[in-house]
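# Coordinate inspection notes
Listed below are the residues making up each chain.
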2 protein chains.
Amino acid sequence: MPTVNLNYGKLKNSYLFANIAERVNAYSALHPEQHLLRLGIGDVTQPLTPSVIAALHEAVDMQSRSDTFHGYMSECGYAPLRSAIAGYYRQRNVILKDSEVFVSSGASDELGDILHLFERSLDVILMEPAYPAYADANVMDGRMIHYMDASDANGFTPPPPQESFQALIYICSPNNPTGAVFTRDLLKQWVDYANQTGSVILFDAAYEVFISEADIPRSIYEIEGAKTCAIEISSLSKTAGFTGTRCGYTVIPEELVRDDMNLNAMWVRNRTTRTNGVSFIVQHGALAVFSDRGQKEVQELLSVYRMNAKNFMKALDEAGLKYFGGRNSPYIWMKCPDGMSGWETFDRLLEQAQIIGTPGEGFGKCGAGWFRFSMFADQKDIEKAGSRIGAVLK
Amino acid sequence: MPTVNLNYGKLKNSYLFANIAERVNAYSALHPEQHLLRLGIGDVTQPLTPSVIAALHEAVDMQSRSDTFHGYMSECGYAPLRSAIAGYYRQRNVILKDSEVFVSSGASDELGDILHLFERSLDVILMEPAYPAYADANVMDGRMIHYMDASDANGFTPPPPQESFQALIYICSPNNPTGAVFTRDLLKQWVDYANQTGSVILFDAAYEVFISEADIPRSIYEIEGAKTCAIEISSLSKTAGFTGTRCGYTVIPEELVRDDMNLNAMWVRNRTTRTNGVSFIVQHGALAVFSDRGQKEVQELLSVYRMNAKNFMKALDEAGLKYFGGRNSPYIWMKCPDGMSGWETFDRLLEQAQIIGTPGEGFGKCGAGWFRFSMFADQKDIEKAGSRIGAVLK
């Protein structure tokens, strides 16, 4: 009888970022004088905003005195933060109870943890190209994955399948890596499909704050019927620069019931058994993001990345290069010209323009021949990359 | 076909702390003038130490500037912290590679997460009384639990069973709730049993710092053979007051192999898929705990709780009350006198002496007739409780 979870043996090794690092290191060794333009990894570069910094310092001071010291936190989240997040949703006319909002250590943590709620025999619907951890976390649980092609033909936002089956459905909008956004109509089709089949949607809203068009939903709960079929997972990583500070949130509506089990109550039980909550210091800092001043600062911070996207899209337009994303997303997903693969494009951009991006092949087979640029980059690097790309890829 | 993890339906509801809160609230409503002596919950009361506070402020400042800003952390832990923890073990002649040490958000989080490495068909050996989450986390995974009685008869530290079977074995020493410690000889028996049967020991070392007797092991790796059969889970919660700040660590030796799978490599894969690491701010603060100054401060901080234990044991001795723990542990596990149940003792202590503790019944059937006092309490409260208990329980 096996001792360990043998599903780990089914994981494929991903050498994507190791392979990129190897090529970059080899180039740098030969050309140590060259400044590299890093548009590869989706990590933020702007520091935390002043009101968050002030709140973090305040929280640290509170931990230094007996009368303000916080010990064990509420497992489901610090009450004022749960309330502030519910308030943030209310601004978009999404009405949630505080008890439907859970504080997490971030979306990447939660996307793995949340799977514990589901049977391992439940199938998964995954649209590729996708964030690789969606598939890996399910392979590790032994779930069967049905891949759907997101491609140029469907604008990288596929409609539900013809056949009806019950599944755990991943939707990421704005999408990583393609930057594509799901329209209201399309999301409504998915919500209806999930309710009809008894499926559950995991809606990854980590990039919602980049949506600039008013008619594109920023939450799945803007769609009628979503509260009976969807869990939404979001994060302050990209919104407020928390990639290294770690805080996110998850919404599980009380109306979400499967097999006569209430998923909100199940998650409360999961959290009270399996965690003692997110650090008080981090949660107190996160609370400042949702203040009026905090929200203004977030918009200023995001304006850097938005300007990056605007400038880089202009450069791609001038070069006649085709792409998705950028408008409602920090990612730009470029079609490699002249039938080049993502890796050929990677090598040419690195060697001839010192630009580092990510080959689409890293996000699944439909990513082949595409290339991701991250706008979480240094402003000057983006400007230089924009000024060089046309000459190299023409 | 089920959608959700139906094992959640098998969980029993625990009303322990809710029941305690209800009785305490009822008493307070009738006697609002009475100051309650809180020796119930195992949460710390002393604030973080000065060097940790300074490091936390420094980390917050680093997050405020582009040139010192930390984005995504290494999933397995901040390299200087992994190294410092390995150094902490080295002081006790336990030699670990940095790569065998993983930083976690705390022991309670890790005790749930680590179960992902194991087959759900693997049996569990659990000695009761025990921290209730051990059982609950396994019930939620659908594992079969074999309970062993820890009792007065075996000093609350049972030897391995006669029959040989392969299992996941929980050992918590110093124990929560009983305060009992496993001797070197007894741990050696368990390590041999695990190696012979192909079992894996989960060693919960969260209270190791309270061990004052030199011949009691503070790490399972002080026992020969442990590196091929044991994972150790520890925490800064009780050591350095991190219950609300959240940081712990886990050791998985490279020699630990089952079913031809290396558990250290499996955990690296788990972490890189399912988390983006612990907050930089928290890890930078945790690093200060392991500095020379940090370690001195920790000893000062712990002297408060140790003095509490000494004073309270003296009071119990004078009253002729029988107990385990206290010497190498922040918990004192008292035999309820006169055949009283834990709940009867609870009510009498609350009503006649304003002392709040925890009835042993909350930790499994072998806890019946016993009572836990936590020494993580206010010094004055401990003194008052000590001065009152003899009169009430004689």
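Residues numbered from 1 in each chain as written. Chains lettered and ligands numbered in written order. Predicted model: local features only at pLDDT ≥ 70, side-chain atom pairs only at ≥ 80, totals over all residues.

### Considering the overall build of chain A
For the record, the criterion: Secondary structure elements are defined from DSSP: runs of H or I of at least 4 residues count as helices, runs of E of at least 2 residues count as strands, and each element is numbered from the N terminus. When we talk radius of gyration, it's over C-alpha atoms, and the globule rule is simply 2.2 Å times the number of residues to the 0.38. Think of it as a crowd count around each C-beta: if 20 or more other C-beta atoms lie within 10 Å the residue is buried, if 12 or fewer it is exposed, and in between it is partly exposed, with C-beta placed from the backbone throughout. Contact between two residues is assigned whenever their backbone-derived C-beta positions fall within 7 Å.
Scanning chain A for helices and strands turns up twelve helices and 15 strands. For chain A, whose C-alpha radius of gyration is 21 Å, the value lies close to the compact-globule estimate of 21 Å for 394 residues. For chain A, the C-alpha atoms occupy an extent of roughly 55 × 55 × 50 Å along the three principal directions. Among the 394 residues that make up chain A, the fraction classed as buried is 55%. Sequence-distant contacts, at least 24 apart, represent 73% of the contacts inside chain A between residues at least 6 apart.

### Some words on the nonpolar core
What counts is decided by this rule: For our purposes the nonpolar core covers buried Ala, Val, Leu, Ile, Met, Phe, Trp, Tyr and Cys residues that link as a set through C-beta atoms within 7 Å.
Core analysis: the biggest nonpolar cluster contains 244 residues, and A:Ile169, A:Tyr170, A:Ile201, B:Ile169 and B:Ile201 have the highest contact counts within it. Residue contacts for B:Ile201: discarding those within four places in its chain leaves B:Ile169, B:Ile171, B:Trp190, B:Ala194, B:Ile220, B:Cys229 and B:Ala230.

### Regarding the relation of the copies chain A and chain B
Quick reminder of the rule: Overlaid copies result from least-squares superposition on C-alpha atoms, with residues included only where pLDDT is at least 70 in both.
Its rotation angle being 180 degrees, the transformation that places chain A on chain B also includes 0.0 Å of axial translation and leaves an RMSD of 0.0 Å. The operation mapping one copy onto its partner corresponds to a two-fold rotation axis. For chain A, the minimum C-alpha distance to the rotation axis belongs to A:His57 and amounts to 3.1 Å. A shared binding surface is used by both copies, with 100% of the interface residues of chain A retained as interface residues in chain B.

### Quick notes on the pairing of strand S6 (residues 200–204) of chain B
All names here are of chain B. Note the threshold: Here, strands pair whenever DSSP counts at least two bridges between them.
Extensive coverage of S6 is indicated by the burial of five of its five residues. Taken together, the four bridges between S6 and strand S7 (residues 230–235) define a ladder with parallel strand orientation. Pairing of Asp204 across the sheet is with Ile233, part of S7.

### Quick word on the packing of helix H2 (residues 50–62) of chain B against helix H9 (residues 280–289) of chain B
A pair of packed helices is characterised by two quantities: the angle between their axes and the separation of those axes. All names here are of chain B. Let me state the cut-off plainly: Angles shown run from 0 to 180 degrees and are taken between the N-to-C directions of axes, each axis being a line fitted to C-alpha atoms and, for helices, limited to the stretch in contact. When an angle is under 35 degrees it counts as roughly parallel; over 145 it counts as roughly antiparallel; between 65 and 115 it counts as roughly perpendicular; any other value is oblique. Crossing handedness: left-handed means the near helix sits turned counterclockwise from the far one by under a right angle, and right-handed means the same turn made clockwise. Only Asp, Glu, Lys and Arg are considered charged, only Ala, Val, Leu, Ile, Met, Phe, Trp, Tyr, Cys and Pro nonpolar, and every remaining residue, Gly among them, polar.
At a minimum axis distance of 8 Å, the contact between H2 and H9 shows a crossing angle of 150 degrees. When the interaxial angle is binned, H2 and H9 end up roughly antiparallel. In the packing of H2 onto H9, the handedness of the crossing is right-handed. On the side of H2, the interface is formed by Ser51, Val52, Ala55, Leu56, Glu58, Ala59 and Val60, while H9 contributes Phe280, Ile281, His284, Gly285, Leu287, Ala288 and Val289. In the contact of H2 with H9, the residues fall into ten nonpolar, three polar and one charged.

### A few points about the interface of chain A and chain B
Listed per partner, the contact involves 65 residues of chain A and 65 residues of chain B. At the level of secondary structure, the elements contributing two or more residues to the side of chain A that touches chain B comprise helix H2 (50–62), helix H4 (107–113), helix H5 (132–141), helix H8 (263–274) and helix H9 (280–289) of chain A. No other element matches the five residues that H8(A) contributes to the side of chain A that touches chain B. Partitioning the side of chain A that touches chain B into residue classes produces 29 nonpolar, 26 polar and ten charged.

### Structural notes on the domain arrangement of chain A
Residues and elements named next belong to chain A. For clarity, the threshold we go by: Domain boundaries shown here were taken from an automatic or database domain assignment.
Each assigned domain of chain A is listed here: domain 1 (6–48 + 294–393) and domain 2 (50–291). Taking only C-alpha atoms, the centre of domain 1 and the centre of domain 2 are 26 Å apart. Counting residues at the interface gives 34 residues for domain 1 and 41 residues for domain 2. In terms of residue count, the dominant contributor to the side of domain 1 that touches domain 2 is helix H10 (residues 292–318) (six residues). The residue inventory of the side of domain 1 that touches domain 2, partitioned by class, reads 15 nonpolar, 13 polar and six charged.

### Observations concerning helix H11 (residues 342–353) of chain A
All names here are of chain A. Using the following cut-off: Multiplying 1.5 Å by the residue count of a helix minus one yields the expected span of that helix. Taken from the helix axis, the directions to the C-beta atoms give the arc we talk about.
The first and last C-alpha atoms of H11 sit 15 Å apart over twelve residues, in line with the 16 Å expected at 1.5 Å per residue. Within the span of H11, buried status applies to Gly342, Thr345, Phe346, Leu349 and Leu350. Each buried residue of H11 lies within a common arc of 125 degrees when the element is viewed along its axis, so the set occupies one face. Along its buried surface, H11 packs onto helix H1 (16–30), strand S13 (355–356), strand S14 (358–359), strand S15 (370–374) and helix H12 (379–393). Immediately downstream of H11, the backbone of Gln354 shows phi near 60 degrees, a positive value.

### What to know about the environment of B:Gln63
Structurally, the position occupied by B:Gln63 is in the loop between H2 and helix H3 (79–90). Classification of B:Gln63 as buried rests on a count of 24 C-beta atoms within 10 Å. The spatial distance from the C-alpha of B:Gln63 to the C-alpha of B:Ile281 is 8.2 Å, given a sequence separation of 218 residues. Excluding residues within four positions of it along the chain, B:Gln63 makes contact with A:Pro47, A:Leu48, A:Ile53, A:Thr245, B:Phe69, B:His70 and B:Ile281.

### Considerations on the packing of H11(A) against H12(A)
All names here are of chain A. Where H11 contacts H12, the two axes come as close as 10 Å, and the packing angle between them is 120 degrees. For the element pair H11 / H12, the angle class is oblique. In this structure, the crossing between H11 and H12 has a hand that is right-handed. Contacts between H11 and H12 involve Arg348, Leu349, Gln352 and Ala353 from the first element and Arg388, Ile389 and Val392 from the second. For the contact of H11 with H12, a count of residues per class yields four nonpolar, one polar and two charged.

### Structural notes on the environment of B:Gly9
All names here are of chain B. If you trace the backbone, Gly9 turns up in the segment before helix H1 (16–30). Looking at Gly9, the number of C-beta atoms within 10 Å reads 12, which means it is exposed. The sequence separation of Gly9 and Val139 amounts to 130 residues, and the corresponding C-alpha distance is 9.4 Å.

### Describing the sheet that holds strand S11 (residues 323–325) of chain B
All names here are of chain B. Taken together, the four strands give an open sheet; going across it, the order is S11-S12-S15-S14, and neighbouring strands pair in antiparallel fashion. Of all the strands in the sheet, just S11 and strand S14 (358–359) have a single pairing partner and so form its edges. The pairing of S11 with strand S12 (residues 331–335) spans three bridges and is classified as antiparallel. Within S12, the position partnered with Gly325 by the bridge is Ile332.

### Examining the pairing of strand S6 (residues 200–204) of chain A
Residues and elements named next belong to chain A. We count it as follows: Whether a crossover is right-handed comes down to one check: with the strands pointing away from the viewer, does the path from the first strand over the helix to the second run clockwise; if it does, it is right-handed.
Residue alternation in S6 divides its side chains into two sets, Val200, Leu202 and Asp204 and Ile201 and Phe203, and both sets are buried. Relative to S6, strand S5 (residues 167–172) runs parallel, the two sharing five bridges. Along S6, the bridge assignment pairs Ile171 with Phe203. With helix H6 (residues 184–197) bridging S5 and the parallel S6, this β-α-β connection has right-handed handedness.

### Looking at the sheet that holds strand S3 (residues 123–128) of chain B
Residue and element names in this part refer to chain B. The strand order S2-S8-S7-S6-S5-S3-S4 describes an open sheet built from seven strands, whose pairing is mixed. If you trace the sheet from one side to the other, it starts and ends with strand S2 (101–104) and strand S4 (145–149), each paired once. The sheet shows a mean angle of 20 degrees between the axes of neighbouring strands, direction not considered. The strands touched by helix H5 (residues 132–141) within the sheet are S3, S4 and strand S5 (167–172), with S3 carrying the most contacts at an inclination of about 160 degrees.

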